[in-house]
Amino acid sequence: MAFDRVWHATAGNGPVRIMFIHGWFWDHGVFSQTFEEIDGHRFTYAAFDIRGYGKSGNIPGKYSVEEIAADAINVANDLGWSDFHVLGHSMGGKAAQKLAIRNAGRVRSIVAVTPVPASALPFDQSLRALFDNACDENASAAAIIGQSVSHRLSARWTTELLRRTRETASPEAFRKYMHSFIEDDFSDEAKGLTARMLVLSGEHDGGLPDDVVRFVYGQLYPHAAIETIANSGHYPMLETPLYFASRIERFFDGVAE
């Protein structure tokens, strides 16, 4: 690969090809339990670390949602994938929307998991300050993680997710991605996303509540199926891994709408 290509890896050898895009906290490892459960005979899946994170940590960039989408299509090109499915989590869900809108002929379907919408986020001053502070302060970052699962999980789990994030994400990338997923607005392009779509919200997601996800995504993408994952907050791939893997398998395999 060219020196500016992000790191990626694949697993499985099935005919259904899926691109995974991780979010703001942690890197591609957030999907590690999902990868263990997916049927590698039916599916081939690819995951990459976005610029400034993990094994792509030394790759410079603008660190934006649009750049993530551009890197994803480059990964698909490197793999020789003429068409594929995409799954994006949180910030990665916003990038997945951009990817599908800009590459309508290649992205066959999309699963958006507790996803940041295509619109800008309507943060008030105090909430924006919390996210700004999270770039430097562990207490603020831990507060965001805790709220995203409605403070249902252990302090050890929150600390471990934050530790992995600090280890994998460069401070510059972490801050710039935060600005991008909060401020970027391409909702006017939403009508360009016509691919089959499943939106998964978390019953206990305190950051992107289920009712908000249903309202916003129902307006943006009237054709999308929107479902709530019970007993989960913002990280269903970690909180309810077996159900999560089974649900996305059924969707990508076309068994369930």
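Quantities reported herein were computed from a predicted structural model and do not represent experimental measurements.

Caption draft 1: Quick look at the overall build of the protein chain. Within the protein chain, the regular secondary structure consists of 10 helices and seven strands. A compact globule built from 257 residues should have a C-alpha radius of gyration of about 18 Å, and the protein chain, at 17 Å, falls within 12% of that. For the protein chain, the spread of C-alpha atoms along the principal axes amounts to about 45 × 40 × 35 Å. Sequence-distant contacts in the protein chain: of pairs separated by 6 or more residues, those separated by 24 or more amount to 79%. Surface accessibility of the protein chain: about 10,600 Å² in total, with carbon and sulfur atoms responsible for 51%.

Caption draft 2: Spatial organisation of the side chain of glutamate 67. Checked against the element boundaries, glutamate 67 lands in helix H2 (residues 65–79). Notably, glutamate 67 is buried but unbridged: the nearest opposite-charge side chain belongs to arginine 51, and the N-O separation is 4.0 Å. With sequence-adjacent residues up to four places away left out, glutamate 67 is seen in contact with Arg51, Gly61, Lys62 and Tyr177.

Caption draft 3: Structural context of the nonpolar core. Judged by nonpolar contacts, the single largest core of 86 residues is most densely connected at Met19, Phe20, Ile21, Trp24, Phe25, Phe181 and Tyr221. If we ignore the near neighbours within four places in the chain, the residues touching phenylalanine 20 are Phe31, Thr34, Phe35, Ile38, Tyr45, Ala46, Ala47, Phe48, Leu87 and Ile248.

Caption draft 4: Up close: helix H10 (residues 241–252). With 12 residues, H10 should cover 16 Å at 1.5 Å per step; its first-to-last C-alpha distance of 16 Å lies within 8% of that length. Those residues of H10 not exposed but buried are Pro241, Phe244, Ala245, Arg247, Ile248, Glu249, Phe251 and Phe252. Of the residues flanking the end of H10, it is glycine 254, one or two places downstream, whose phi is positive at about 80°.

Caption draft 5: Just the sheet that holds strand S5 (residues 107–113), in detail. Across the sheet, which stays open at both edges, the seven strands sit in the order S1-S3-S2-S4-S5-S6-S7 with mixed pairing between neighbours. Since the sheet does not close on itself, it has two edges, and those belong to strand S1 (8–11) and strand S7 (225–229), each with one partner. The average undirected angle you get between the axes of adjacent strands in this sheet is 20°. Pairing of strand S6 (residues 196–202) with S7 involves five bridges; the strand directions are parallel. Each residue of the ladder has a partner; that of glycine 202, found in S7, is isoleucine 229. Set on the sheet, helix H8 (residues 210–220) makes contact with S6 and S7; between it and S7 the angle comes to about 170°. Docked against the sheet, H10 engages strand S2 (16–21), strand S3 (43–48), strand S4 (84–89), S5, S6 and S7, running at close to 155° with respect to S5.

Cut-offs and rules
- Residues numbered from 1 in each chain as written.
- Predicted model: local features only at pLDDT ≥ 70, side-chain atom pairs only at ≥ 80, totals over all residues.
- Heavy atoms only, no water.
- Helix = DSSP H or I, 4+ residues; strand = E, 2+ residues; numbered from the N terminus.
- Rg over C-alpha atoms; globule rule 2.2 N^0.38 Å.
- Contact = heavy atoms within 4.5 Å.
- Areas by Shrake-Rupley, 256 points an atom, 1.4 Å probe, with all protein chains shown as cover.
- Buried < 20%, exposed > 50% of the residue type's maximum accessible area, 1.4 Å probe, protein only.
- Lys, Arg positive; Asp, Glu negative; His and termini not counted.
- Salt bridge = Lys/Arg side-chain N within 4 Å of Asp/Glu carboxyl O.
- Core = buried A, V, L, I, M, F, W, Y, C linked by side-chain atoms within 4.5 Å.
- Expected span 1.5 Å × (residues − 1).
- Pairing = 2+ DSSP bridges.
- Axes fitted to C-alpha atoms, helices over the stretch in contact; angles between N-to-C directions.

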